[in-house]
Amino acid sequence: MRLALPQWAGALAVKAAAFITVMCCALAALLGVLVHVSVTNQTVGQARGTALSRLADATEAYEAGDTLMPNAGVDPQGLPAPLRALAAAGDRGTMVSQHDGRPTMWAAGPVAGHRALAVAVDYSQQSRTIAALDNSILWSSALAIGATVLVGVFAVTRVTRRLHGTARVARRISAGDLDARVDDPRTKDPSRPQDEVAAVAAALDTMASSLQSKLLSEQRFTADVAHELRTPLTGLHAAAELLPPGRPTELVRDRVAALRTLTEDLLEISRLDTGREKLEVDTEELGALARRVVRASGTDTEVRVLTDARVETDRRRLERVLGNLVANAHKHGAPPVVLTVNGAVVTVRDHGAGYPGYLVAHGPQRFRTEGGATGHGLGLTIAVGQAEVLGARLFFANAVDGGAVATLVLPVG
């Protein structure tokens, strides 16, 4: 079973906790070994000195023919074999071993006849001291590691929570919410230390403000241009209607109509960009609405109703979306063009060359052209914007057997 981590905890927190734990364990082990070795050497040295001193006294007594002290004797029982061999070879030495169930420090030296004179010193107290020291080192290390890990994890999780909040704001900005800000308190108080997370938060807030300012300027420019064009276009349209009949007049009127359509599209986009569009919701039957859109388009579009549905939507905006999709299919695709209603899902498909790769990957972009093509103008951009106002989702794809497919998924309920 996988351990469920809090939302703010991620790979960074886990790695930091693991790193802190490993480093604490390594440091505790190193310090424990150093303390153990130092204390053990000191304890053993003291016991060895005591044993050698008693061995010297026993040697003097043995050579003087006096009675040996207790725990001293020639070739006593329990003397370790390596130490016995060392003394028989003419050297003196010490060694710790178990004797009568207790730790014992032996000291042995040579006497006449290649025999060993040995002294046994009780080593139980020193052994218990070293064992108690080892236990103290173990428990203190465990407590120190636990406390350090807790403090370290607390410090790291504070950072990861702030990073998670920054990432959440970045995702909101990428989704179009340009009012989102991190608002890290450290960026507003110069007296507080400015760490790297605060620097990232400040940079993200600055970027969002700059981006929002540029987009607002672009929206204002688009709206201003469209508004400024309406008045001269109205006069131009009136003047075109007064021209005498003929081919030149038809061309002028056609261009004026195209320019008026473009201006109205720019105004509509500017309204959509503000995000203040209001819905006029009513209950509509998708099949009947799709047929009305096709009739109004004046195109040869086949309507297929697989499963009809009644949806709560804004009729005018939905008709605008479907009308733009049908018009785009006829303008940039090839017949037959089929509009299919299947429940709350509406698809518009043509059998042309399909959508450009950039459009399928990133959605429609205003006036973008590619490879000398005529581009897709503003129709699909408006369709996407109106679909967002409706709370619907609009997808663009290319059919396997050729042709462009636009899929509109309307909200249900």
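Residues numbered from 1 in each chain as written. Predicted model: local features only at pLDDT ≥ 70, side-chain atom pairs only at ≥ 80, totals over all residues. Heavy atoms only, no water.

## Let's talk about the sheet that holds strand 8 (residues 337–342)
Sheets are built from strands that pair by backbone hydrogen bonding, the pairs being arranged parallel or antiparallel. The five strands lie next to each other as 6-8-9-11-10, forming an open sheet whose pairing is mixed. Strand pairing shows two members of the sheet lacking a second neighbour, strand 6 (301–307) and strand 10 (393–398), which therefore form its edges. Ignoring which end each strand starts from, the neighbouring axes of this sheet average 15 degrees apart. When strand 8 meets strand 9 (residues 345–349), the two strands line up antiparallel, connected through five bridges. From the neighbouring strand, Val-341 faces strand 9, where its bridge partner is Val-346. The strands that helix 10 (residues 379–390) touches are strand 10 and strand 11 (404–409); relative to strand 10, the one it contacts most, it runs at about 140 degrees. (Pairing = 2+ DSSP bridges. Helix = DSSP H or I, 4+ residues; strand = E, 2+ residues; numbered from the N terminus. Axes fitted to C-alpha atoms, helices over the stretch in contact; angles between N-to-C directions. Contact = heavy atoms within 4.5 Å.)

## Comments concerning the environment of Val-44
Within the secondary structure, Val-44 is located in helix 1 (residues 11–64). Look at Val-44 and you get buried, because its relative accessible area is 17%. Considered as a pair, Val-44 and Met-95 are 51 residues apart in the sequence and their alpha carbons are 9.7 Å apart. Look past the residues within four positions of Val-44 in its chain and what remains in contact with it is Met-105 and Tyr-123. (Buried < 20%, exposed > 50% of the residue type's maximum accessible area, 1.4 Å probe, protein only.)

## Let's talk about the state of the cysteines
Scanning the model with the defined rule gives zero disulfides in all. Cys-25 carries a free sulfur, and the closest cysteine sulfur to it, the one in Cys-24, is 7.0 Å from it. Take Cys-25: its relative accessible area is 37%, and that puts it in the partly exposed class. (Disulfide = S-S within 2.5 Å.)

## Let's talk about the side chain of Thr-166
Position of Thr-166 among the secondary structure elements: in helix 3 (residues 124–174). Engagement of the side chain of Thr-166 in a polar contact is seen with the backbone oxygen of Arg-162, the distance being 2.9 Å. For Thr-166, the contacting residues outside a window of four places in its chain are Val-182, Val-200, Ala-201 and Leu-204. (Polar contact = N/O pair within 3.5 Å; in protein donor to acceptor, adjacent residues only side chain to side chain.)

## Overview of the UniProt feature "transmembrane region" (unreviewed entry) in the protein chain
Taking the UniProt record as the reference, the feature "transmembrane region" (unreviewed entry) is found at residues 12–35 and 137–156. Summarising residues 137–156: 100% helix, 0% strand, and an end-to-end C-alpha distance of 27 Å. (UniProt positions renumbered as here; feature names shortened; annotations may be inferred.)

## Some points on the packing of helix 8 (residues 315–332) against helix 10
When two helices pack together, their arrangement is given by the angle between the helix axes and by the axis-to-axis distance. Across the interface, helix 8 lies against helix 10 with an axial gap of 9 Å and an inter-helix angle of 150 degrees. Here helix 8 is positioned roughly antiparallel relative to helix 10, judged by the angle of their axes. When you trace helix 8 past helix 10, the crossing you get is left-handed. Contact with helix 8, carried on its side by Arg-317, Leu-318, Arg-320, Val-321, Asn-324, Leu-325 and Asn-328, involves Gly-379, Leu-380, Ile-382, Ala-383, Gln-386, Ala-387, Val-389 and Leu-390 of helix 10 and no other residues of that element. When the residues that make up the contact of helix 8 with helix 10 are grouped by side-chain class, the tally is nine nonpolar, four polar and two charged. (Parallel < 35°, antiparallel > 145°, perpendicular 65-115°, else oblique. Left-handed = near helix turned anticlockwise from the far one by under 90°. Nonpolar A, V, L, I, M, F, W, Y, C, P; charged D, E, K, R; others polar.)

## Description of the pattern of salt bridges
Evaluated as defined, the whole model comprises 10 salt bridges. Note that Arg-115 is salt-bridged to Asp-75, the shortest N-O span being 3.5 Å. Separated by 40 residues along the polypeptide, Arg-115 in strand 4 (residues 115–122) and Asp-75 in the loop between strand 1 (72–74) and helix 2 (81–88) bring together distant segments of the chain. Taking the relative accessible area as the measure of exposure, Arg-115 reaches 38% and is therefore partly exposed. Measuring nitrogen to oxygen at the nearest pair gives 2.9 Å for the salt bridge that ties Glu-302 to Arg-304. Taken together, the salt bridges that share partners define one network made up of Glu-284, Arg-292, Arg-315 and Glu-319. (Salt bridge = Lys/Arg side-chain N within 4 Å of Asp/Glu carboxyl O.)

## A short note on the packing of aromatic side chains
Applying the stated criterion to the full structure yields one aromatic pair. Centre to centre, the rings of Tyr-355 and Phe-396 are 5.4 Å apart; their planes meet at 85 degrees, and the pair counts as edge-to-face. Here Tyr-355, found in the loop between strand 9 and helix 9 (357–362), pairs with Phe-396, found in strand 10; they are 41 residues apart in sequence, far enough to count as distant. Each member of the pair Tyr-355 and Phe-396 is classed as buried. (Phe/Tyr/Trp six-rings, centres within 6.5 Å; stacked < 30°, edge-to-face > 60°.)

## Quick word on unusual backbone geometry
For the bond from Pro-335 to Pro-336, the omega torsion is 0 degrees, close enough to zero to count as cis. Note on placement: Pro-336 falls in the loop between helix 8 and strand 8. Positive phi, close to 45 degrees, is recorded for Asp-75, a residue that is not glycine. According to the relative accessible area criterion, Asp-75 is partly exposed, its value standing at 30%.

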